[in-house]
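The primary structure of each chain is shown beneath.
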Amino acid sequence: MDSEDDMHDANDAESMDDDYYSGDTAVEYSEDDDNGDDDGDYEFDNDSVDSDDVSASRRQQKNYIALKEADIRQHQENEITTISTVLSISRIDASILLRHYHWNVSNVHEVWFADEDRVRKAVGLLERPVVQFPNAKELTCGICFESFPLDRISSAACGHPFCNLCWRAYMSTSINGGPGCLMLRCPDPSCGAAIGQDMINLLVSEEDKEKYARYLLRSYIEDNRKTKWCPAPGCEYAVEFVVGSENYDVSCLCSYGFCWNCTEEAHRPVDCGTVAKWIMKNSAESENMNWILANSKPCPKCKRPIEKNQGCMHMTCTPPCKFEFCWLCLGAWSDHGERTGGFYACNRYEAAKQEGAYDETERRREMAKNSLERYTHYYERWATNQSSRQKALSDLHQMQTVHLEKLSDKQSQPESQLKFITEAWLQIVECRRVLKWTYAYGYYLPEPEHAKRQFFEYLQGEAEAGLERLHQCAEKDVQAYLGAEPPPTDFNDFRTKLAGLTSVTRNYFENLVRALENGLSDVDSQGASSKTATVKSGVAVVKSKSGRGKSSRAGGPSRNSDDHGSWTCDQCTYFNTRSLPTCEMCHQPRRNA
């Protein structure tokens, strides 16, 4: 992959300005079939299908619902009412039944009508008391064995009598023991009658009532396979997901986006398995060992790893070892001197190296060094985009709380007319997230697939270039309208430019995500096929052609003489695919001939 400086240099290239904003980017890939050379032409095919409508429709089709506590409670009450009405049982019994079957209404219907008696026995819903004392004035508690009048004795549906004090102690202990209290049964060892919320509310303290109600509410989310709590620290919202959807990325009301499948941060276009490997690699000790292997050597006597960062080849191990040795051949320094090459060379090492004595050791060190450098390259860019995303979130908050009000006063426009600025910042935040995970994607992209890697790096570079344009406009250009000096252009021109950049950047990144999720499967992994391959997501069309066009640098766009008069607007940077006197996006006159 190009270095970070190379990427920024590429952002300034005129050819990239022209090609990025064509909506759905299409590329022709040229390669020499005779020698399998990966260097080839990239051309833009501006006849590709416009995806604006498709992207808009995909964004409108949310496959999840964010839930506040009131929404959760309402959903829970509705399902209890449904079961109570359909099965003709009390709401308390309906609640017990739903908890047992993980709040799955359809499952409850199915098992209940298949075998009601079996379900009642399994759940603990008794139709009539097992124990009855019709004429008794006092009853003996089955726990403390004291006799109490009937007004101080309580029992579940089974009829087993226990005094209120023992009930309260039994329930309180269970409630303080955790959410297992929701499956509470009669204290009699031979009885399995369920204890409902009505008895809990009747006998326990207010504090225990609140705890039980909280457990009951949380069980609706934690036991239900269609709902999950937002994993963001301190967030109390939940998300209901449409099971079966292919897109697992969801967004909570707290603005935190996460993956429904693995509950890690939202990570499209990378799959959950790759994310797990990447997170494990970032936290594991394997990279520390690679660094030690690549940058240190063990002391020949005590085997402690030693790093040499400067100076001559005479090394002295730290106390208590203090062994003196040669850095190159690891032999005792007492055997070295002028005859072996002095302080900055070792004839013994050179001779042994020519005989192949150090081949395996050097090979391992070189492999460890290359592996470490490759990992560092991707990790640093992954972390940089994460930092940039956090900064963008901070800038978004600053814009919403401070700058929008100031801009509204200066432009005499309501804040509702300035939503395009907020939308631009939200898009920047989302693009930073996607771009961050493309580096994890690139790290695990198989090395032998040169054509895929070359094309991936091209798409990644285009994405960075477009995002930098949007970020520049949202962060820097808006300052001209917040300062005391008169702005260089009309505010409506700025509105058109920023909205246009937001739209095309969104479209490009959505197409990029779909292409990477598809695994760039239509790109020939050997880089030597003569057939035409199309990336079905609409991001690009990769075509093989031979001896046609002028070659450009690998991974970069090329100028084509038959571009049908297409041009880039100087005002909003929209790429117009036809030779028109005015821009199709902002309707400004064409200025570049």
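Residues numbered from 1 in each chain as written. Predicted model: local features only at pLDDT ≥ 70, side-chain atom pairs only at ≥ 80, totals over all residues. Heavy atoms only, no water.

Participant: So, unusual backbone geometry: which residues are in play, and what are the values?
Facilitator: What is expected of a backbone is that most residues other than glycine have negative phi and most peptide bonds are trans. Residue Pro269 follows Arg268 across a cis peptide bond; omega there is 10°. Examined against the element boundaries, Pro269 turns out to sit in the loop between strand 11 (257–259) and helix 11 (272–283). The phi torsion at Ser412 lies on the positive side, around 55°, for a residue other than glycine. Of note, Ser412 is situated in the loop between helix 14 (359–411) and helix 15 (419–443). (Helix = DSSP H or I, 4+ residues; strand = E, 2+ residues; numbered from the N terminus.)

Participant: Explain the environment of Leu435 to me, using residue names and the numbers behind them.
Facilitator: Along the chain, the position of Leu435 falls in helix 15. Taking the C-alpha atoms as reference points, Leu435 and Ala463, separated by 28 residues in sequence, lie 7.7 Å from one another. Ignoring sequence-local partners within four residues, the contact set of Leu435 consists of Asn385, Gln460, Ala463, Glu464, Leu467 and Phe509. (Contact = heavy atoms within 4.5 Å.)

Participant: Report on the pattern of salt bridges, specifying residues and quantitative values.
Facilitator: It is possible for side chains bearing opposite charge to pair when their charged atoms get close. In total, this model carries 17 salt bridges according to the counting rule given. Glu265 serves as the salt-bridge partner of Lys436, at 2.5 Å between the closest nitrogen and oxygen. Residue Lys436 is located in helix 15, and its partner Glu265 is located in the loop between strand 11 and helix 11; the two are separated by 171 residues in the primary sequence. A single burial state applies to Lys436 and to Glu265, both of which are buried. A single network of salt bridges, built from pairs that share partners, joins Glu69, Arg73 and Arg214. (Salt bridge = Lys/Arg side-chain N within 4 Å of Asp/Glu carboxyl O. Buried < 20%, exposed > 50% of the residue type's maximum accessible area, 1.4 Å probe, protein only.)

Participant: Go over the sheet that holds strand 8 (residues 227–229) with me, naming the residues and quoting the values.
Facilitator: Strands pair in a sheet through their backbones, by hydrogen bonds, and they do so in one of two ways: parallel or antiparallel. Pairing is antiparallel across the open sheet formed by 3 strands, whose spatial order is 3-9-8. Where the open sheet ends on each side, the last strands, each with one partner, are strand 3 (64–67) and strand 8. Taken pair by pair, the neighbouring strands of this sheet meet at an average axis angle of 25°, ignoring direction. As paired strands, strand 8 and strand 9 (residues 238–241) are joined by 3 bridges and run antiparallel to one another. Each residue of the ladder has a partner; that of Trp229, found in strand 9, is Ala238. Contacts between helix 4 (residues 69–87) and the sheet are confined to strand 3, strand 8 and strand 9, with strand 3 contributing the most and set at about 110° to the helix. Contacts between helix 10 (residues 206–222) and the sheet are confined to strand 8 and strand 9, with strand 8 contributing the most and set at about 120° to the helix. (Pairing = 2+ DSSP bridges. Axes fitted to C-alpha atoms, helices over the stretch in contact; angles between N-to-C directions.)

So, to be careful, I would describe these as geometric facts and stop short of saying anything about function.
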